[in-house]
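So you can see what is in the structure, the chains are spelled out below.
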Amino acid sequence: MLQAKNMKKRTNADSKATDDPYHDLREIRRRFLAASAALGLPGNPLDTLIDALGGSENVAEMTGRKNRMVRDPKTGKVRQEVRNEKNGVSLEMQNMHEKRCFQNGEKCVAIISEAASAGISLQADRRVPNQKRRVHITLELPWSADKAIQQLGRSHRSNQSSAPEYKFLISSVGGERRFASAVARRLESLGALTQGDRRATVGAKGLGLTAFNFDTKWGRQALSKYFGIINKVNNPPYTLSALPISERTALVEKVEQEAKAEPNDPWGLSYSAFSSIGSEPKTIFGGGTTDPTKIAFSFVDVDKINEKQAQAELEKIVLEPSPSKKKLNDDDDDVQITDSTAIVLPHARPHCTEVPFASSRHYDACRNCYCFVCDVPVANCTQWTKHCDATDVGPDANMWKAQRAATNQIDFQYAAKIWLKQVAIECDTTVNSKSRDKEGKTAVGRFLNRILGLKLVQQNLLFEEYARLVEHTIRTARREQRYDEAISELKGRKIKVVERNTLVHGTDEFGNLEHVRVQMDRGISYEKAVEFLKEAREDYERAEKARSDQLKQAGYKITDMRRNKQTTPMNGFWISKKDHPVAKRKMPVLAIEAKSLTPGQATNASIRIYRPGTGVWNMSAIDLLQKYKRATDDEIKDIWENDFEHYAKVCSHGSKCKHGIDCEVGKRIIHHDVIKGSLLRAMREAEKAISAAHGIANHRLKVMRVTETEENGESFLCIQITKNYIDTVTERLQFL
């Protein structure tokens, strides 16, 4: 009876499905919805952010949307609600209501979008209850400089009790620096137009974006050199980065496929050796076939493993000296070496002595074995089942040598040329310092734009080398005095004006010209040094935690772990290994790794060195390790404080200096001679005087800003004149 009813129901359902002309479409939609629900896609970023910050009860949302997704605190389920569902305010006035809640202190967080930014003021106004300092976080920089200023102006307006703190979120992806570069360049122009100073607060310098501006004269020169290096027309001024093993392997496999399809070498390399790939190479010394299931070596061949397993596998593979005891007997009985320990260095697999190539399976390897073809550790060779038979002797030696030579030609320059060709960038053309295409885009902008189409690893490698070359170009220009520093700023512990002399009295056409002597205390106290070190250590811990979290999310791989292996930071107090030749005592320094804006840049490029007497300097990591050794905070305290007091009055030459008290080499308190007043007029005359009196052609003076550190201190622009030239300049300017 029951079976008959079920058959009748199925018959009725089938007949309805037959009568419904859209049955198949509804079934497709049902399956599509079920499949999309199983994807586990993330929620709306804005809703996720509001939920993480405490929900709509604690977050003031000022956007252009009407609905949002909220999580029910009781059930934990997400549902859709209208933004004015709880307060009853009309949707047109919803943003103004949220603004009042934030300014009154009812909500501590405000989220504002570009659609609702007009007419919204969120500064710490003296007339509102919420007087907390604003921290303005910009999640995405706009393309337009005026829009960026408008966004930043929401929290920085008149009648505020405190200025806001700006934070910009910019990822380490090389291609995304294009956006920061465009905004930085336009903000610099905006600052120059509105305040006559590219370093103005509204400009890129005041917002900390100057380092992102690559669309400059030096950036274009560096790009031209960069293309020349890729084409191997110019020699790189430093060692280029090595290709990651995964990228190199991918290029080798691509070349192999092209070589099979087109033996005439479409890639421009000597790949005749690849014509035999595909057939198993013959064993040279015999030993039978290789059984890949039986290996005497540990490999990591998983995409995601936990941290302990990854570390254990890494410890098995990492290169270590392998001790071996040998007893060598010579013909002379008097010479006998017993119980000697030989350190086995990295070597090619056919040259291994621990696992002899001739008498063992070629697949087996010791910890120090490298692939003969790829020149990488055996653990990192993705084609070890083929390359294990590679050797430099025997009937197939020429084939393996040719394959090794061809593989070694795949370096960064070769890969960069292939990658840039994929995004339609021809490296054969030179980049003029003022070159622009038909749309008005500069070569630098086009380069940064198009590398966005590459994989993250590829665009990071390309951008890293380009950024290094820009830094090298600017450093060379500074050394040759060709770099325009614009307006520098005199920085020190204490700055004050100690002497003034009027050279030329002002007229209706020109202002006064004054010779001003500025005293600067450039020393760093021990308390301030400890403060710098504490901040650097906190930054390092946050960076390491962020990198560890990224590795956990991405999954551990052997190449990732080796490349991102945690290293001991340089941050800390150091003391010289040798005594100072004059002071006859060891010199203390504080070393802090310079914060790099270049993704993947090594920290050995520059270390900021803080000294108690002379302030901040730069030093390479190699020089630091060679000349100094680490010291504890307590151990360095007395030495630092003694040097801080000692160099306030004594120069580096000691108390018996032949220049007497006027010598300021190594002193903590030094003096600067500057010319204040009608700068353009004075600069031209001063440069002519120096060139004529001292025989220096095209001597350029620098403009800098001096700001006294005392309360209500004076701030002014001036021309810096070195001590050797000040008498010549003052004599010339008095006759104006």
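What comes next concerns the included structure. Keep in mind the model is a prediction, meaning the values are calculated, not measured. (Residues numbered from 1 in each chain as written. Predicted model: local features only at pLDDT ≥ 70, side-chain atom pairs only at ≥ 80, totals over all residues. Heavy atoms only, no water.)

**Thoughts on the pattern of salt bridges**
Pairing is possible between side chains of opposite charge, provided their charged atoms come close.
Piece 1. Overall, the coordinates contain 28 salt bridges when judged by the stated rule.
Piece 2. Residue K86 pairs with E57 through a salt bridge whose shortest N-O separation is 2.7 Å. Here K86, found in the loop between β3 (78–82) and α4 (94–103), pairs with E57, found in the loop between α3 (45–52) and β1 (59–62); they are 29 residues apart in sequence, far enough to count as distant.
Piece 3. K86 sits in the exposed class, given a relative accessible area of 55%.
Piece 4. A salt bridge links E685 to R732, with the shortest nitrogen-to-oxygen separation between them at 3.5 Å. Of this pair, E685 sits in helix α19 (residues 679–694) while R732 is found in helix α20 (residues 726–733), placing the two residues 47 residues apart along the sequence. (Salt bridge = Lys/Arg side-chain N within 4 Å of Asp/Glu carboxyl O. Helix = DSSP H or I, 4+ residues; strand = E, 2+ residues; numbered from the N terminus. Buried < 20%, exposed > 50% of the residue type's maximum accessible area, 1.4 Å probe, protein only.)

**Observations regarding the nonpolar core**
Piece 1. Counting residues in each nonpolar core, the largest one holds 40 residues, and the members touching the most others are Y226, L420, F447, L462 and Y466.
Piece 2. Sorting the residues of this core by element identifies α7 (217–230), α8 (245–261), α12 (412–422), α13 (443–450) and α14 (456–479) as the ones contributing at least two each.
Piece 3. Per-element accounting of this core gives the leading share, 9 residues, to α14.
Piece 4. Beyond its immediate sequence surroundings of up to four residues, L462 is in contact with Y226, F412, A416, W419, L420, I451 and L454. (Core = buried A, V, L, I, M, F, W, Y, C linked by side-chain atoms within 4.5 Å. Contact = heavy atoms within 4.5 Å.)

**Looking at unusual backbone geometry**
Piece 1. Phi is positive for D375, which is not a glycine, with a value near 60 degrees.
Piece 2. Within the secondary structure, D375 is located in the loop between β10 (369–370) and α10 (384–387).
Piece 3. Not every positive phi belongs to a glycine, and N712 is a case in point at roughly 60 degrees.
Piece 4. Topologically, N712 is positioned in the loop between β20 (702–707) and β21 (715–721).
Piece 5. Here N712 falls in the exposed class, since its relative accessible area comes to 76%.

**Topic: the packing of aromatic side chains**
Piece 1. Per the stated rule, a full pass over the model turns up 7 aromatic pairs.
Piece 2. Chaining the aromatic ring pairs together yields one cluster made of Y226, F227, F447 and Y466.
Piece 3. Here R404 stacks its cationic end above the ring of F372, 4.9 Å away from the centre of that ring.
Piece 4. R668 extends its terminal NZ or CZ atom over the ring of F644, reaching a point 4.0 Å from the ring centre. (Phe/Tyr/Trp six-rings, centres within 6.5 Å; stacked < 30°, edge-to-face > 60°. Lys NZ or Arg CZ within 6 Å of the ring centre and 35° of its normal.)

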